[in-house]
Amino acid sequence: MNKILNFVILALLLSALAGCAFIRTPGMRANWLKEHPWVAKLTPHIADDIAAGKITVGMTKEEVKASWGEPCCAVYVPSIVRSPYGDRWYYQLGASSVGTFIYFSPDGKVVDIVSGH
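Just so it is clear, the structure is predicted and the values come from calculations on it, not from any experiment. (Residues numbered from 1 in each chain as written. Predicted model: local features only at pLDDT ≥ 70, side-chain atom pairs only at ≥ 80, totals over all residues. Heavy atoms only, no water.)

Describing the sheet that holds strand β3 (residues 100-104)
Taking strand neighbours across the sheet as the criterion, the 4 strands line up as β1-β2-β3-β4 in an open arrangement whose pairing is antiparallel. Either end of the sheet is taken by a strand with one partner, and the two such strands are β1 (73-75) and β4 (110-115). The sheet shows a mean angle of 15° between the axes of neighbouring strands, direction not considered. Pairing of strand β2 (residues 88-91) with β3 involves 4 bridges; the strand directions are antiparallel. The partner of Arg88 across the bridge, within β3, is Tyr103. Contacts from helix α4 (residues 61-68) reach β2, β3 and β4 within the one sheet, and its direction differs from that of β2 by about 5°. (Pairing = 2+ DSSP bridges. Helix = DSSP H or I, 4+ residues; strand = E, 2+ residues; numbered from the N terminus. Axes fitted to C-alpha atoms, helices over the stretch in contact; angles between N-to-C directions. Contact = heavy atoms within 4.5 Å.)

This is the structure:
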């Protein structure tokens, strides 16, 4: 029930904010990677995914932001809530494009990526 309620609230917000986020361009990702020293500690697989603009299961929130930028909308789940999912982020390129939900575990790693909403 909680997941459905969160989805309805997020859907209402998204209808008001459709197209509010943008995905980083390849040039923006390359500059971002150069400007942040912690990327040197990334595994080659994650660094390659960020450079290619991909999101993969296991990425941290910072790695997702490095690849796609700030989310259009986010639902933050307080740590006192017991759930297999933590925060949920939403990305959409424009009003007519298909959106993508990124689901995080309570420890902040990507556990699911759902496109088509």
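Side note on the pairing of β3
Among the 5 residues of β3, 5 are classified as buried, and the element is accordingly described as predominantly covered. Side-chain alternation along β3 places Thr100, Ile102 and Phe104 on one buried face and Phe101 and Tyr103 on a second face that is also buried. Looking at chain direction, β3 and β4 are connected through 5 bridges and run antiparallel. Counterpart to Thr100 in the pairing with β4 is Ser115. Linkage of β3 to β4, two consecutive antiparallel strands, is achieved through a turn of 5 residues, within which Gly108 is found at a positive phi near 90°. (Buried < 20%, exposed > 50% of the residue type's maximum accessible area, 1.4 Å probe, protein only.)

Concerning the environment of Pro26
Within the element layout of this structure, Pro26 appears in helix α2 (residues 26-35). By relative accessible area, Pro26 is classed as exposed at 58%. Between the alpha carbons of Pro26 and Trp68 there is a distance of 10.0 Å; along the sequence they are 42 residues apart.

A closer look at the environment of Ile46
Structurally, Ile46 is set in helix α3 (residues 44-52). The class of Ile46 is buried, set by a relative accessible area of 12%. On a C-alpha basis, the gap between Ile46 and Val64 in space is 10.0 Å, while along the polypeptide they are 18 residues apart. When residues no more than four places from it in sequence are discounted, the contact partners of Ile46 are Thr56, Met59 and Glu63.

Focus: α4
Most of α4 is tucked away, with 6 of its 8 residues classed as buried. Against α2, α3, β2, β3 and β4 lie the buried residues of α4. Downstream of α4 by a residue or two, Gly69 has a phi angle that is positive, lying close to 85°.

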